[in-house]
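Inside the fold
What follows is the residue order along each chain.
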Protein chains: 2
Amino acid sequence: MKFSVFVPPCMLEEKKECPVLYYLSGLTCTHENFIHKSGMQQHAAKEGILIVNPDTSPRNVNIPGEDDAYDFGSGAGFYVNATQEPWSKNYLMYSYVTEELVELVNKNFAVLPNKKGIFGHSMGGHGALICALKNPGQYQSVSAFAPICNPIECPWGQKALKGYLGDDKEQWKQYDATHLAQNYAGTPLELFIDQGSDDNFLKQKQLLPDNLLTACAGNDHLQAIYKQREGYDHSYYYIATFVGEHIAYHAKFLKN
Amino acid sequence: MKFSVFVPPCMLEEKKECPVLYYLSGLTCTHENFIHKSGMQQHAAKEGILIVNPDTSPRNVNIPGEDDAYDFGSGAGFYVNATQEPWSKNYLMYSYVTEELVELVNKNFAVLPNKKGIFGHSMGGHGALICALKNPGQYQSVSAFAPICNPIECPWGQKALKGYLGDDKEQWKQYDATHLAQNYAGTPLELFIDQGSDDNFLKQKQLLPDNLLTACAGNDHLQAIYKQREGYDHSYYYIATFVGEHIAYHAKFLKN
C-alpha cells in the first residue's frame with residue numbers, strides 16, 4: 001500500500017512533535033491526486049501539521065475484474081472491511097486507515113498521537129465521516145469536501161456496499177455516515193461538511209448531505225457545520241480553493 | 001493547438017479589462033500541468049490577471065518519430081520556428097506564442113493589449129526569456145523558473161536547435177537568451193530569474209544561469225534579478241511555492 005506524507009518544516013527543522021491530519025481521497029484517485037492538485041502543502045506548512053494521504057484501495061491483488069469499473073475495486077475501496085469473497089482478503093480499507101496506517105505513522109513520525117484529525121473528498125469524505133463517527137474520541141476533528149453522506153441510499157454506495165458486504169442491507173449501515181449519526185452516542189463531535197452548489201454528483205443524489213444534516217440536528221452529541229460554496233463543482237479546483245480553510249479548521253482542534 | 005485560460009473574477013464579475021500573463025511550460029508538459037499543479041489560480045484571482053498557458057508543441061501532426069523522445073518533437077517545441085523538414089510545417093512555436101496566440105487572446109478576452117507579461121519554467125523559462133528579449137517593449141514583465149538560459153551550450157538545447165534549425169550554429173543564436181542578452185539594445189528590461197539550488201538539471205549544466213547573469217551584467221539595457229531557492233528542485237512543488245511571488249512581481253508592472 002502506497003501513501004504520501006507531507007512533513008511540515010517545524011517537524012524537520014525544529015524537531016517538534018506535530019499533530020497529524022489524514023486525508024482520504026475519492027473514487028479513481030491514488031495517493032497522488034491530493035499532493036499534486038490540492039496545494040495543501042503551503043497550509044500544512046503554515047499550521048505545522050503532518051498530512052498523511054493513503055491510496056483509495058489495494059492495487060494489483062489479481063482479483064478478476066478488479067480494474068474494470070471506476071466505482072468498484074481498484075480506486076474504490078470505499079473505506080470498508082469487505083466480507084465477501086474475493087474482496088475480503090485484501091479490501092480491508094477501514095482497518096487499514098483507522099489502525100494499520102495510524103500505527104505505522106505513529107511509529108515512524110514524531111506525531112502527537114492524541115492530536116489526530118481526518119478529512120476527505122467524496123468517497124473519502126464518507127470515509128472521514130465514518131472513521132470519526134465509529135471511533136468517538138479517536139479523532140479530534142473531522143471535515144469533508146462533498147462527501148457521500150448516505151451511501152446506503154445512493155447508487156455509488158449501494159453498488160460498493162453490496163459488492164463488498166453482500167446483500168444484507170443491515171450490514172451496510174455500519175458504514176453509513178447518516179445512520180451512524182442517527183445513533184452516535186459518543187463524546188461530542190463537530191462535523192464540518194463542505195459542498196459545492198454546482199456539483200453534478202449532488203444533483204445526481206450521490207452525496208445526499210441533507211440526510212446527514214437532519215441526522216445531526218436530531219442528535220445532541222453532534223454538531224454539523226455546513227458550508228455550501230456557490231458555483232463550485234466536485235473537482236480538485238474546488239478542493240484547492242478551500243483546503244486552506246479546512247486545514248485551519250483542523251488546526252483549531254489539533255493545536256490547542 | 002490547445003491552451004488554457006484562467007479568467008480572474010474581476011473580469012467575470014465586474015467586466016473589467018485585465019492584464020494578461022502568458023505561462024510557457026517545460027519539456028514533456030501539456031497545457032494541463034500548470035493548471036493542475038501550480039496553484040496559480042488563487043494568485044491570479046487576487047491580482048486580477050488573466051493567465052494563458054499554451055501547449056509545448058504541436059500534437060499528432062504525423063511526423064515519423066514525433067513522440068519518440070521526451071526532449072524533441074511532441075512536448076518539446078522549444079519555442080522556436082523550425083526551418084528543417086519535416087518540422088518546419090508545424091513546429092512554429094515562436095510565432096504561435098508571440099503572434100497567433102496573442103491575437104486570438106486579444107480578440108476573445110477583454111485583456112489590456114499593452115499590459116502583457118510572460119513567464120515560464122525550464123524550456124518554458126527559456127521561451128519566456130527569448131520572447132521578451134526578441135521583442136523589446138512588447139512584454140512589460142518577464143520571469144522564469146529554472147530556465148534554460150544558454151541552450152546553444154547545453155545538451156537539451158543543442159539537440160533541439162540542431163533538429164529544428166539545422167547544423168548552422170549561427171542560426172541557433174537567435175533563440176538563445178544569453179546571446180540575445182549580450183546584444184540586447186531595446187527598452188530597459190528586467191529579467192527575474194528563479195532557480196532552486198538542488199535542481200538536478202542545474203547540476204547537469206542544462207540551465208546555465210550564470211552565463212545569462214554575466215551577459216546581463218555587461219548590458220546597461222538589462223537588469224537581472226536572481227533568486228536562488230535553497231534546497232528546491234526542478235519540480236512543480238518548487239513552482240507552486242513561488243508562483244505567488246512571481247505573479248505579484250508581474251502585477252507590479254502590469255497594473256501600474
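Named according to an unreviewed UniProt entry, chain A is S-formylglutathione hydrolase originating from Musca domestica. Under the UniProt heading Function (unreviewed entry), the entry covering chain A gives this text: "Serine hydrolase involved in the detoxification of formaldehyde."

All right, on to the interface of chain B and chain A then. Listed by partner, the interface residues are six residues for chain B and six residues for chain A. At the boundary of chain B with chain A, total buried surface from both sides reaches about 610 Å², with 44% on carbon and sulfur atoms. Of all residues in chain B, the largest losses of buried area upon contact with chain A belong to B:His36, B:Lys37 and B:Tyr237, amounting jointly to 70% of the total for that side. Where chain B touches chain A, the interface holds zero residue pairs in polar contact (both at pLDDT 80 or more). Looking at the side of chain B that touches chain A, the elements with two or more residues in it are helix H2 (32-37) and helix H3 (40-47) of chain B. Considering each element in turn, the side of chain B that touches chain A owes the most residues, three residues, to H2(B). Its residues placed into classes, the side of chain B that touches chain A shows two nonpolar, three polar and one charged.

Residues and elements named next belong to chain B. Among the secondary structure elements, Ser57 is positioned in the loop between strand E3 (50-54) and helix H4 (93-108). Among the residues examined, Ser57 registers a relative accessible area of 0% and is labelled buried. Polar contacts involving the side chain of Ser57 include one to the main-chain amide nitrogen of Gly75, which spans 2.7 Å. The residues touching Ser57, leaving out its near neighbours within four places in the chain, are Met1, Gly73, Ser74, Gly75, Ala76, Gly77, Tyr91 and Met93.

As a further point, take the pairing of strand E6 (residues 189-196) of chain B. Residues and elements named next belong to chain B. Of all eight residues making up E6, seven are buried, and the element is well covered by its neighbours. Bridging between strand E5 (residues 141-145) and E6 involves three bridges; their strand directions are parallel. Residue pairing for E6: Ala144 is matched across the bridge by Ile193. Both E6 and strand E7 (residues 222-229) contribute to a ladder of eight bridges, which runs parallel. Opposite Gly196, over in E7, you have Arg229 as the bridge partner.

Calculation rules
Residues numbered from 1 in each chain as written. Chains lettered and ligands numbered in written order. Predicted model: local features only at pLDDT ≥ 70, side-chain atom pairs only at ≥ 80, totals over all residues. Heavy atoms only, no water. UniProt positions renumbered as here; feature names shortened; annotations may be inferred. Contact = heavy atoms within 4.5 Å. Buried area = accessible area lost by both parts, 1.4 Å probe. Polar contact = N/O pair within 3.5 Å; in protein donor to acceptor, adjacent residues only side chain to side chain. Helix = DSSP H or I, 4+ residues; strand = E, 2+ residues; numbered from the N terminus. Nonpolar A, V, L, I, M, F, W, Y, C, P; charged D, E, K, R; others polar. Buried < 20%, exposed > 50% of the residue type's maximum accessible area, 1.4 Å probe, protein only. Pairing = 2+ DSSP bridges.

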